[in-house]
Amino acid sequence: MCGVVGIFDWRGEVVPDAVILAMRDRMIRRGPDDAGLFTHRDRDLFVGLGHRRLSIIDLSPSGRQPMATADGSLWIAFNGEIFNYREIRNELLATGRYAFRSQTDTEVILYGVREWGLDGCLARLRGMYAFALFDAMERTLTLVRDPLGVKPLYYSRRPGGLIFASEIKAILAHPDAKPAIDDEALFHYLTFANAPAPRTFFDDVAKLESGTYLVVDRRGRVHQRRFWDPARFAPHDPAIPERDYMDELRRLLRQAVARRMVSDVPFGAFLSGGVDSSLNVALMAELLDRPVETYSIGIQDDPSNEFAHARFIAQRFGANHHEIVIDDRDFIEFLPRMAYHQDEPLADPVCVPLYYLAKLARESGTPVVQVGEGSDELFAGYSMYHAFARWERAAYRPYQRLPRPLRRLAHAILEGFLPAEYADALRRAADEEPPFLGNAVAFWDCEKRGLLKPERLMPRSSGRLIGDLASPFKDRELLDRILALELRNRLPELLLMRVDKMSMACSVEARVPFLDEDVVEFALRIPAALKFRDGEGKYLLKQAARGLIPDEVIFRSKQGFCGSATTMLSDAVTRFARERILGSPLVAERFNRPFIERLFDRHRRRKRFNSFKIWNLLNLVLWHACWFEETPRDSATREPGASF
């Protein structure tokens with residue numbers, strides 16, 4: 001895994017190498033092994049590409065980037081891994097038109113684009129990636145982000161030019177950068193725990209959406225295209241035998257895990273002992289002639305600790321197992337630094353144990369790990385999904401048949417007497433907004449009216465934003481709509497970003513076999529009835545797992561990684577959060593303090609209903625302190641994986 005950065009200036013204004021190098025080296029943890037720089041200057045165009053390398057495939061200097069075709073006409077700065085690059089390379093060699101100078105997947109992309117064009121090349125790639133292509137003949141820059149958004153890519157338009165990078169901090173290292181808060185991103189973050197793409201928390205920085213590419217020409221004209229869309233994959237005929245679905249899913253999962261074992265450095269797996277991580281380990285063990293390196297984490301005195309389950313799987317498959325326990329001091333020591341690594345708030349407390357788990361893997365000599373993200377979103381593993389599907393059929397649709405004035409009257413009368421989640425559901429039904437916003441909602445729109453000062457409210461509700469995202473799936477049944485929607489927002493912009501940011505903070509590459517494109521496209525075609533059956537979520541996946549991992553693992557109660565926000569928000573961390581939140585200048589400027597004080601008071605009585613809200617606000621004020629109240633920490637001079 002790597003870090004890319006670049007400048008494309010269509011006025012031809014030359015940017016000193018020192019500026020590009022300073023931006024590039026803000027991301028040294030993404031690539032501690034090597035670095036490169038390329039610049040192009042002519043009469044009315046300047047291009048600068050920088051690269052930090054974490055060497056995984058072809059560790060030799062031949063893999064150095066930015067990399068060019070033999071004739072120097074096409075340049076690439078690439079972050080990620082293409083897991084089927086050897087097959088594509090062989091296909092290109094068979095044409096007799098290309099001679100490779102390295103063993104890298106990076107060079108395969110260059111000649112793949114030359115042979116089939118960008119769209120044809122992207123259709124063949126199976127991997128996780130974000131890259132920039134500079135075509136010196138066409139004088140264009142193209143930015144690409146992988147279908148599921150496993151890897152991030154950010155950009156900022158400037159007068160006469162565009163800046164891009166794998167991390168926002170690299171863009172902010174440009175001398176002209178003047179960070180300011182994007183009010184709409186903050187507003188929606190309070191609901192979703194992330195800033196939905198293309199917005200970020202910085203008002204002049206955007207994130208490239210998953211499954212899209214952006215092309216800029218020498219006149220500054222911008223064209224963006226979605227090359228992969230979950231809306232393209234409709235469920236198959238439910239009459240196809242269940243056994244056929246199960247056999248094909250097994251085949252694709254084996255293929256996905258095998259693809260992600262391509263590496264010239266040691267690799268392993270994060271292991272919680274649940275279905276997804278256990279299946280990863282079992283399939284890796286089938287293919288290895290040595291023990292799988294597995295890594296588990298627990299929180300001290302936490303009753304939800306999963307060490308026993310992880311140890312059971314590790315022993316069952318002969319893994320070389322590693323464990324770490326963290327406590328309140330580890331949380332409080334890391335939280336302020338977490339804001340720097342995140343770039344923008346990601347209000348998921350799992351970020352903390354993920355960081356320490358990645359750090360353990362790196363210090364144990366394993367810079368590549370497989371993780372289980374994406375399984376629940378593809379195969380309907382959360383009970384919330386099924387609850388919303390039932391609720392829509394039983395209540396939401398019948399209620400929407402009432403005249404809108406009557407619905408709005410009911411909302412106006414009942415709002416003050418209902419819990420926030422029900423009051424907001426009434427409002428959404430009255431305003432033709434979707435029933436489902438996301439699996440983890442912090443503050444409903446009706447709560448934000450009390451949380452924020454009136455002048456900080458936005459004209460477009462978070463429900464309306466989700467309605468816009470969900471519109472391509474409006475003719476699907478609700479469970480399919482929910483899963484497709486999760487692939488457009490929560491998965492790429494929260495769950496995958498927490499893995500990317502925390503693993504890269506330790507110079508560890510995290511691979512996600514459940515999000516192999518072939519697995520995803522197959523999963524999107526599976527009928528909803530095979531994902532949830534007889535009260536069982538992930539029905540088909542669990543059937544496919546039988547015989548590969550023990551039944552007691554498959555059918556034990558679902559448990560979140562390291563518990564939940566309630567588990568991780570201990571009394572000591574709560575006191576830390578209260579002090580930081582109520583003492584924040586951002587809160588004083590934008591929020592109603594009495595509302596937040598009541599939130600902490602309620603938390604003492606009902607932790608389960610308020611922990612996620614407190615995490616949301618804590619991440620926000622820590623981010624603001626890092627980027628607007630202090631000098632952000634520059635990690636470039638630190639050793640990879642070091643604590644600081």
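Summary of the structure given here.

Calculation rules
- Residues numbered from 1 in each chain as written.
- Predicted model: local features only at pLDDT ≥ 70, side-chain atom pairs only at ≥ 80, totals over all residues.
- Heavy atoms only, no water.
- Helix = DSSP H or I, 4+ residues; strand = E, 2+ residues; numbered from the N terminus.
- Rg over C-alpha atoms; globule rule 2.2 N^0.38 Å.
- Contact = heavy atoms within 4.5 Å.
- Areas by Shrake-Rupley, 256 points an atom, 1.4 Å probe, with all protein chains shown as cover.
- Lys, Arg positive; Asp, Glu negative; His and termini not counted.
- Charge placed at Lys NZ, Arg CZ, Asp CG, Glu CD.
- Pairing = 2+ DSSP bridges.
- Axes fitted to C-alpha atoms, helices over the stretch in contact; angles between N-to-C directions.
- Phe/Tyr/Trp six-rings, centres within 6.5 Å; stacked < 30°, edge-to-face > 60°.
- Buried < 20%, exposed > 50% of the residue type's maximum accessible area, 1.4 Å probe, protein only.
- Lys NZ or Arg CZ within 6 Å of the ring centre and 35° of its normal.
- Parallel < 35°, antiparallel > 145°, perpendicular 65-115°, else oblique.
- Left-handed = near helix turned anticlockwise from the far one by under 90°.
- Nonpolar A, V, L, I, M, F, W, Y, C, P; charged D, E, K, R; others polar.
- Disulfide = S-S within 2.5 Å.
- Expected span 1.5 Å × (residues − 1).
- Core = buried A, V, L, I, M, F, W, Y, C linked by side-chain atoms within 4.5 Å.

Some thoughts on the overall build of the protein
Alright, step 1. Within the protein, the regular secondary structure consists of 26 helices and 17 strands.
Alright, step 2. Compactness check: the protein gives a C-alpha radius of gyration of 24 Å against a globular reference of 26 Å for 644 residues, within 12% of the reference.
Alright, step 3. In terms of principal-axis extent, the alpha carbons of the protein reach across some 70 × 55 × 50 Å.
Alright, step 4. When contacts within the protein are restricted to residue pairs at least 6 apart in sequence, those whose partners lie at least 24 apart make up 74%.
Alright, step 5. Only carbon and sulfur atoms are counted for the fraction: they give 50% of the accessible area of the protein, which is about 23,600 Å².
Alright, step 6. If the 91 positive side-chain charges of the protein are averaged to one point and the 90 negative ones to another, these points end up 3 Å apart.

Focus: the sheet that holds strand β17 (residues 509–511)
Alright, step 1. With parallel pairing, five strands are arranged side by side in an open sheet as β15-β14-β13-β16-β17. What marks the edges here is a single partner per strand, and that holds for β15 (320–326) and β17. Averaged over neighbouring strand pairs, the angle between their axes works out to 30° when direction is ignored.
Alright, step 2. Bridge analysis of strand β13 (residues 267–270) against strand β16 (residues 368–370) gives three bridges, and the strand direction is parallel. If you follow F267 over to β16, its bridge partner there is V368.
Alright, step 3. Of the strands in this sheet, β13, β14 (293–299) and β16 are in contact with helix α7 (residues 275–287), which crosses β13 at around 155°.
Alright, step 4. In this fold helix α8 (residues 307–316) packs onto β14 and β15, with an angle of close to 170° to the strand it touches most, β15.

Overview of the packing of aromatic side chains
Alright, step 1. Considering all chains together, one arrives at 26 aromatic pairs under this definition.
Alright, step 2. Judged by centre distance (5.1 Å) and plane angle (45°), the rings of Y98 and Y111 are tilted. Taken together, the residues Y98 in the loop between α2 (85–94) and α3 (105–124) and Y111 in helix α3 connect sequence positions 13 residues apart.
Alright, step 3. Relative accessible area serves as the criterion here: at 15%, Y98 is assigned to the buried category.
Alright, step 4. Linked through ring pairs, Y189, F201, F202, Y340, W623, W627 and F628 together constitute an aromatic cluster.
Alright, step 5. Directly above the aromatic system of W116 lies the positively charged group of R124, at a separation of 3.9 Å from the ring centroid.
Alright, step 6. Positioned above the aromatic ring of F595, the side-chain terminus of R602 is 6.0 Å from the ring centre.

Concerning the packing of helix α12 (residues 383–400) against helix α14 (residues 420–430)
Alright, step 1. Contact geometry of α12 with α14 gives a least axis separation of 10 Å together with a crossing angle of 55°. When the interaxial angle is binned, α12 and α14 end up oblique. The two elements α12 and α14 cross, and the hand of that crossing is right-handed. Of the residues in α14, those touching α12 at F388, W391, Y396, Y399 and Q400 are A425, L426, R428 and A429.
Alright, step 2. Looking at the contact of α12 with α14 residue by residue, the classes come out as seven nonpolar, one polar and one charged.

Some points on the state of the cysteines
Alright, step 1. For the coordinates displayed, the defined rule picks out zero disulfides.
Alright, step 2. Note on C2: no disulfide assigned, nearest cysteine sulfur contributed by C506 at a separation of 17 Å.
Alright, step 3. A relative accessible area of 6% places C2 in the buried class.
Alright, step 4. Cysteine C506 shares no disulfide, and the gap to the nearest cysteine sulfur, in C351, comes to 12 Å.
Alright, step 5. On the basis of relative accessible area, C506 is assigned to the buried category, the value being 0%.

Some words on helix α6 (residues 242–259)
Alright, step 1. Compared with an ideal rise of 1.5 Å per residue, which puts 18 residues at 26 Å, α6 spans 26 Å between its outermost C-alpha atoms and is within 8% of the ideal.
Alright, step 2. Regarding α6, the residues found buried are Y245, M246, L249, R250, L252, L253, A256, V257 and R259.
Alright, step 3. Looking at the buried side of α6, the elements it contacts are α7, β16, α11 (375–379), α19 (517–525) and α20 (539–545).

Points about the packing of α6 against α7
Alright, step 1. Following both chains from N to C, one finds α6 and α7 inclined at 70°, their axes separated by 9 Å at the closest point. It follows from the interaxial angle that α6 and α7 lie roughly perpendicular. The segment α6 lies against α7, with L253, R254, V257 and A258 engaging L279, N280, L283, M284, E286 and L287.
Alright, step 2. Across the contact of α6 with α7, the residue classes break down as seven nonpolar, one polar and two charged.

Observations concerning the nonpolar core
Alright, step 1. Membership of the largest hydrophobic core comes to 176 residues, with the highest contact counts inside it found for L190, I581 and F591.
Alright, step 2. It is helix α26 (residues 607–629) that contributes the most residues to this core, eleven residues altogether.
Alright, step 3. Excluding residues within four positions of it along the chain, I581 makes contact with V587, I596, F600, I614, L617, L618 and V621.
Alright, step 4. Core analysis: the next-biggest nonpolar cluster, separate from the first, contains 23 residues, W10, L49, A77 and L153 among them.

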